[in-house]
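Summary of the model geometry
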Amino acid sequence: MLLDEAMSNMRTFFDNAAQRTTDTLQNSKSYMDRAKLRSKLNDAYRALGKAEYEAAIVGVENMNDIHALITEISGLRQSLDEIERNLHKSTPVASAPPKAPQAAPQQAAPAGAVTYCSKCGKQNPADSAFCNGCGSQLVH
Ligand SMILES: [Zn+2]
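Residue numbers restart at each chain and count upward from 1, following the sequence in its written direction. Whole-chain, interface and lining totals are the exception, using all residues; otherwise, since this is a predicted model, local features are given only for residues with pLDDT of at least 70 and side-chain atom pairs are given and counted only at 80 or more.

A few points about the overall build of the chain
What counts is decided by this rule: Only DSSP runs of H or I covering at least 4 residues are called helices, and only runs of E covering at least 2 are called strands; the numbering of each starts at the N terminus. Exposure classes come from backbone-placed C-beta atoms, where a residue is buried if 20 or more other C-beta atoms lie within 10 Å of its own, exposed if 12 or fewer do, and partly exposed in between. Note on contacts: residues are paired as contacts if their backbone-placed C-beta atoms lie within 7 Å.
Across its full length, the chain holds two helices and two strands. In sequence order, the chain lays out its α and β elements as α-α-β-β. Across the 140 residues in the chain, those meeting the buried criterion constitute 6%. Restricting to contacts in the chain with at least 6 residues of sequence separation, those with at least 24 account for 39%.

Re the environment of D33
Tracing the backbone shows D33 in helix α1 (residues 2-58). C-beta crowding within 10 Å serves as the criterion here: with 16 such atoms nearby, D33 is assigned to the partly exposed category. In sequence terms D33 and L80 are 47 residues apart; their C-alpha atoms lie 8.4 Å from each other.

Some details on the environment of S118
Residue position: S118 is located in the loop between β1 (114-116) and β2 (123-125). Residue classification places S118 among the exposed residues on the basis of 11 C-beta atoms within 10 Å. Distance in space between the C-alpha atoms of S118 and V139 is 7.7 Å, their sequence separation being 21 residues.

Overview of the environment of T71
Inspection of the secondary structure puts T71 in helix α2 (residues 63-90). C-alpha separation for the pair T71 and A44, spaced 27 residues apart in sequence, amounts to 9.9 Å.

Next up, the structure:
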């Protein structure tokens, strides 16, 4: 019975680990796709600039090229947007750092009486039980 439970816990642990690995792989693939798309998009912009330059010099005989490039750029931008959205969706939200335990409200210390935290060196009212800076218990 206990062994079954342990085995099932282990399986859950490994399943979760496998899931995390898959997520990471998908993410890095998305990052690679994004980099590829960005460089394609840059190429397309450059080609469009060149085509427009040529159009300005020799006239609009290559207008079809320009339209094709604009269509390509729109498509690339859409794919890029999609990847961007997916990456934002799957990026884990950084959890807030644990808060230092707050010192319980204390009676006002005599004016000027202070104690220094042995951990972080912050100055605290002499009657504080915990450091206001790092939350360590203050040694009096
Ligand atoms: Zn401290």
